[in-house]
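For reference, the chains in residue letters:
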Amino acid sequence: MHEHQFPPGDFRAPLPVIAPGHSFRSINEKLTSIVLTRNTPLVWFIVTGIAFTFLMGLTVAIAYLLAKGIGIWGNNIPVGWAFDIINFVWWIGIGHAGTLISAILLLFKQDWRTSINRFAEAMTLFAVACAALFPLIHTGRPWLAIYWLFPYPNAMTLWPQFRSPLIWDVFAVTTYGTVSLLFWSVGLIPDMAAFRDRAVNPKLKKLFGVLSLGWRGSARHWARYEKAYLLLAGLSTPLVLSVHTVVSFDFAVSVLPGWHATIFPPYFVAGAIYAGFAMVLTLAIPIRVMFGVQDFITMRHIENMAKITLVTGLIVTYGYMSELFFGWYSANDYELFMLKNRTWFGPYAWTYWLLLICNFLVPQMLWSKRLRRNIPLVFIVCMFVNVGMWLERFVIIVTSLHRDFVPSAWEMYYPTIWDFMTLFGTIGLFTTLMFVFVRLLPMIAIFEMYTLLPQARSKPAGEEATS
Amino acid sequence: MAHDLQSGPSLFGLLAEFDTPGQLLKAANKVREAGYTKTDAYSPFPIHGMPEALGIRERAVAPIVLAGGLTGLIVGYGLQYWTMVIAYPLNVGGRPHHAWVNFIPPAFETTILFAAFAAVFGMLALNGLPQPYHPVFGAKRFALATSEKFFLAIEATDPMFDAKTTRDFLSSLSSREVVELED
Amino acid sequence: MTLADIRTRLASLEGRAYWRSLEELSDTPEFREYLHREFPAQASEFNDPAGRREFLKLMGASLALAGVSACTRQPEEKIIPYVRQPEEIIPGRPLFYATAMPLGGYAFPLLAENHMGRPTKLEGNPEHPASLGGTDLFSQTSVLTLYDPDRSRTVVGDGEVRTWGTFVNVLQAATMSRRPIKGQGLRLLTGPVTSPSLIDQIEKLLSGMPEAKWHQWDAVFGARQGGAPAALPICRFDKADVVVALDADFLGTGPGMVRYNKDFASRRRITTPETELNRLYVVEPVTTITGAKADHRLAMKARDVHGFAAALASAIGVAGLPASTAAAQVAPWLTAVAADLNKHRGRSLVVAGDTQPAAVHALARAMNEALGNVGATVTYHAPIAASPADGTASISELVADMQAGRVDVLVIFGGNPVFTAPADLNFAEALKKVTVRVHLDLYHDETAELCQWHVPEAHFLESWGDARAFDGTVSLIQPLISPLYDGRTALELLAVMNGMVESSAMDLVKDYWTRAFAGQTSTVWSLRSADGAPYASPEAFWRHALHDGFVPSTSAIAPPAAGHAAAAPARTPSSPTAAAAATAAPGAGATAGRAGGAPATPPAAAGLAAPAPAAQTGMEIIFRPDPNILDGRFANNGWLQELPKPLSKVTWDNVAYISPKTAEFFSIPIARVGNGANDVIEIRYQGRTARMPVWVLPGTADDVVVVHFGYGRRRAGRVGTGIGVDTFGLRTSKAPWFDGGAEIVRTGESYLIASTQNHFAMEGRHPVRAVDAAEYRKDPKVVAALGHEAPPKTMTLYPVFEYTGHKWGMSIDLNSCTGCGVCVAACVAENNIAVVGKDQVSRSREMHWLRVDTYFEGDPAAPAATHHQPVPCQQCETAPCEVVCPVAATVHNDEGLNDMVYNRCVGTRYCSNNCPYKVRRFNFLLYSDFHTPELMAQRNPDVTIRSRGVMEKCTYCVQRINEARIDAKTTGDPIKDGVIKTACEQACPADAIVFGNLNDPESRVVKLKQQERNYGLLEDLNTRPRTTYLAVVKNPNPEVK
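Conventions used here
Residues numbered from 1 in each chain as written. Chains lettered and ligands numbered in written order. Predicted model: local features only at pLDDT ≥ 70, side-chain atom pairs only at ≥ 80, totals over all residues. Heavy atoms only, no water. Helix = DSSP H or I, 4+ residues; strand = E, 2+ residues; numbered from the N terminus. Rg over C-alpha atoms; globule rule 2.2 N^0.38 Å. Buried < 20%, exposed > 50% of the residue type's maximum accessible area, 1.4 Å probe, protein only. Areas by Shrake-Rupley, 256 points an atom, 1.4 Å probe, with all protein chains shown as cover. Lys, Arg positive; Asp, Glu negative; His and termini not counted. Charge placed at Lys NZ, Arg CZ, Asp CG, Glu CD. Contact = heavy atoms within 4.5 Å. Buried area = accessible area lost by both parts, 1.4 Å probe. Salt bridge = Lys/Arg side-chain N within 4 Å of Asp/Glu carboxyl O. Polar contact = N/O pair within 3.5 Å; in protein donor to acceptor, adjacent residues only side chain to side chain. Pairing = 2+ DSSP bridges.

Some thoughts on the overall build of chain B
Summing up its helical and strand segments, chain B has five helices and four strands in all. Going from the N terminus to the C terminus, chain B shows its helices and strands as β-α-β-α-α-α-β-α-β. In terms of overall dimensions, chain B is more spread out than a globule: its C-alpha atoms have a radius of gyration of 25 Å, far above the 16 Å expected for 183 residues. Across its three principal directions, the C-alpha atoms of chain B cover 80 × 35 × 30 Å. By the burial criterion, 50% of the 183 residues in chain B qualify as buried. As displayed, chain B offers around 8300 Å² of accessible surface, 63% of which is attributable to carbon and sulfur atoms. In chain B, the 13 positive side-chain charges and the 17 negative ones have mean positions that sit 6 Å from each other.

Below you can see the structure in the form of structure tokens.
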């Protein structure tokens, strides 16, 4: 553990991933009490209440959508996709941090991941839930799309059309959702056992007993458990990269200038990680205060995540630049026009510049250690990034569609109240789920926290093994 | 099978409690060296070196995951090939029926999906989970096994097991206390 | 059902709706009596949409209950099926009948497609000289008017429903009471009339009552400024190498437009680079579709056209003219034109527009005579429509008499004068002074409101009649369905006035022609079959005429010989004797026996004597009928309302057109992003004002404001009521077409205009490729050079699908296309395309499968050229839309059609996003009307009605292909080229669209695609479109600076 590489008090020494002075008991008590004994903070009720109102707005919007049709939105010909797919891509992107943190950082043995992975995975699940809504409701006839998009034997012997990126989407998103759910619930098993053993209320005891599947922390179980967990991480790593790659295919595979670009897969993945970490920070910063878990989600975590945000932000900006370059280098009239329209004289050019401010300019603040450690500031930067990533999708989807090949078909796109209700409704759905989760389940993986303690790193006397 | 018939309900084994992972690990080594095989350790978190200490070798999970992955690959690609080329071939935008390039992403996803299922359910199956009851839960203080205490069990079915000697042996391993587990 | 039920069900509805629907329910008089005691009928028509929906539901139910749904009725009289079809109806097989649509009195010959007794689609009559298979907007869309649920449904007297019988008594009493006093105070008001049998009836009536007067008014076809031209020119554009149009939109308006399109296009449709094109010069104040085709166009105030004509005339040496010189800036242009005309003596043609005064027509004729064109490219005839040709004068006279109280009985045969009459006359006020006012019309409109008696008129598809085409060809009108709403024809009303109550319309028409056959009519007709042989018997003649839909020998231009031309001489209603005089007028080869055959042509000099129009000053205001709904008569036709107007692509509204320069002057924004709100201007003219949205239209003359009339209807129906601006308030009898002294003022208000196209520049992409004839001749590759290079077909990883058997393709000739939009209308009618309404159009969700794009070339102030491009689905072989559909709802069939499977579509709209041509249309809401029973009857049974959430697009009229394939299977012989005509191809008056089999080397489409000017839109994307275009080849005059 590199903490030891520096004399104590050395400024280069990284911050601890867990505040000193904790014992197994203290961790266990702290984290179980949030769910089992402590009273819920008032602010939790306020936030959840507001979020729930938005969620109700979403249900209204969807009900009206099903009753009337896509026409209640601003979509038209040529802008066949707008808020619906923007939101979809935005949420899927946000959904990437979780698995990334739990899987890739695990493989890289980043011990600081442990206190945020559970919570990030939950965020992934809920973000994917929000995202998965859109491929369904954006269709003209959802009641058919819901099952026609899956391969099932039927009397007409009709099957999905596997050449379509939309079908790839269906496979990628469902797989990603399922695997993330498995990953998350597997991680929960030992903690459910911990809850079982802490719970006083017999009913709760029984409930957690069932959820823990009778976990008893046997060494044999731990051995297989760790192996399985490692393999899951190994599987999720290509998966998480593939999902946004496939989403980017929705655009890259088409012929549309502004969509038809080979840079899209890496650039989308980077964007996803970018958005994901920004969203983790956006949630972690208030919640750690709300439930007083600053000991476990320390400045170290915030700083590391801020660094990753900065780096991925730069990768994304590189993506923007290479889009410009390839557009110019292609010497293709349509590409060149698309760039000019997107960045300069187009009616939506302002969104492009706003996007650059949000995704490129503002995050540059994170270069400074001082600013990085200014938590409110980091929070604000992340807010900018969240908005910026949404705008990025707006620029890609709407600005490319509204002026494509044949000038006579060019049209403008104006969103309606229902578009906004749907967007904010999903944010409500997401927040509600998130807050219900932190209230009912361990937001931090308890058993993994133990391993962070120095006393956990014990070895039989005499042996000088390093873990 | 030296088994004390007078000791009422049949005995599952003996459970020793330790305060630190270090003690448990040391004890585990001792127990293995003493030749006990039907042993198990219980800890709130995985302890490095414990499998070796107890002589546990885990080789089953990986092959299961591989098998799952291959199945997924074959199912995924097979489904696409059969539907697009054999069952209902269509001229879609002048592309060939067997558009293998386009078939890669779904096949990849099914591979991952099946492998993941194999990993999770394979692991649970090998662990015999879910398992509603286990004798160790009979021990009063075992509830601490998920928070701060560490336990080592030697089962009665172990050839070397003897209620008396084994208990003394365990007590000698700086254990906090040793309790009997009823079956 | 009991009355109580009905009362409860109706309690929520308003007056007019009640009897409208219940009249369908039950026809017993006492039932009606009861209802009208219950609900006084002066209640206004329902405007509230909710009430309207209720009404529709109720009407649907009531029709079902009463079992009188329109579509089950069969024509009662014997009509002759078109020869292509079997005699008896085979279920699922349409029958075709020849008939004609009267518009402005003139016949537009048609073949009506009849499904099980329901006319569903109208095509041009290929044998008829006035159509040659082509059609116009109004005939394509008239089938919707037929089934319009808002049509007037019953005789109304003093605001109450009456029986036809009651009305007959009233009308007869009114007429009889006038007989003793020679018909004093009895007036008839019609539009222009060419129908021989109708004229005959009117003569019969007037001969009995010489004091009675017959007036004519038609805001579009009858209105004259500066008098009516003395003679009617019939042009042969196919013979003219050089055409000069003086404010003449001969391709876009007028009774001859269909034939003129055919003839003109025949000179633009080049086959090789060497083909000689004709050359068109246009002088006009506002861009018309004719102006858009011009090789040289000069934007000029309408009032300056006379000066220009005079100058041109003297330039080509017309004798006996006051010396006149053109304005300096047009002088070089004019000289070049004059030179070109002189170069093409006998092969040139000068045409003057109907909106121009007689003086200009006289000059045009003088020029044609001087150039020796008369008899070669143009012939002059006495007007075919019965005079008075000057509708403006006629209605002024009528109103004056009404004001003076000299009119007791006024019978209005069709038309809506209260709405359309010149504003200064104040027709409505004068009308109130008339004791007995009778109105016959399709709609219970503004005029019906002010008349005690309203009789529902029979739609032409419901009625017997006859009319003459622009060239005089007598065309018979036979009904396709018995009247849906007990409509009557003008003929029947006149018969009643003539005391012939019992005789049906068919009897009247047949009787006239039987007499004509015997030569007992005041006009003597030469009735010969196409080969010039006389008919054996009246019965044989009748059958043939009905079968063909016309009498070939009565045409002035049709082969075999002009000798058969029967341009019937003018007939002044007030003095029938004049008819005899006119018929006796000396004419080439005229004999007493065949007076009808001789073109009685007044001498040209007479025209020249006509005074030049009085000088006008100030900003010019120009009145034009709306290109789609004309003077508002088609206001309730959703198809026409939603059809983008040529050039501006505006729908559902009328706008004031001004030139970019003028806009700049008034600092009105020229650029327009999306369907934004347009500035509203106030137009002030002679103390009258109108506020309307302004539209900057390149090519409009500067300092000119062009207003279209016809909108702002107060009583049109659920579709047309209250939309647009009524500009008739500005239109006076002095200047129905143009005048000076107008002002425009910005109001600062803005108004949302729904336009289907918002970007009219090509951005250097050349979707339309245009070259000059000279350079094309020099190097035919110049067309290909305009586009990006298409990748070679071998440049692919994939094996290519081979299309053995049929391989459908289409070729669209942009050089003959005029952008008139008939193809779009035909497509809408054929494919049951839904009307979405202004709001949805403004959101860019119109459903037209085929759109006509317009691009302006060069400086917007004075565009070098205007191009039109019909864009249907290009049926790409490597269709980008198909690959991205997740449910295989759009796939290729083995003939290379890009099929759309509605049932399978879930509506992801990905296909549309990935379509480079953006020709796919999505049902964002439930657009199709599944409720109105009348409209159900109208639908084409061969085409699915699309529901909400489904993508749709052009299918090359796959239903027609399948029909042909079935026939081919049954008969065993292959599908011949030209047997399958897509709706757009069939309707196109310019034959710009050709569909066929690309695997048949002899097919027309293959030959066309072999031309050097053939190119595919965006083919550089390697979409391999099956639809390709033939580039525009202009023929400019090098001398024009």
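Details of the interface of chain A and chain B
As a measure of interface size, the accessible area lost when the parts come together is often cited. Taken together, the contact between chain A and chain B spans 60 residues of the former and 67 residues of the latter. Summed over both sides, the interface of chain A with chain B buries roughly 5500 Å², with 72% coming from carbon and sulfur. Taken together, chain A and chain B are joined by three salt bridges. Residues Arg25 of chain A and Glu148 of chain B are paired through a salt bridge, measuring 2.9 Å at the closest nitrogen-oxygen approach. Between the two partners, chain A and chain B, sit 21 residue pairs in polar contact (both at pLDDT 80 or more).

Describing the pairing of strand S38 (residues 1027-1030) of chain C
Residue and element names in this part refer to chain C. Of the two faces of S38, both are covered, the one formed by Thr1027 and Tyr1029 as well as the one formed by Thr1028 and Leu1030. Where strand S29 (residues 808-813) meets S38, four bridges bridge the pair, whose relative direction is parallel. Paired with Asp813 across the strands is Leu1030, a residue of S38. Sheet topology note: the strand S37 (residues 1014-1015)/S38 ladder contains two bridges and is antiparallel. From the neighbouring strand, Tyr1015 faces S38, where its bridge partner is Tyr1029.

Comments concerning the side chain of Thr489 of chain C
All names here are of chain C. Turning to its location among the elements, Thr489 is positioned in the loop between strand S18 (474-477) and helix H17 (490-497). By relative accessible area, which is 7% here, Thr489 ends up buried. Those residues in contact with Thr489 that sit more than four places away from it in its chain are Leu440, Ala458, Ser463, Trp464 and Ala505.

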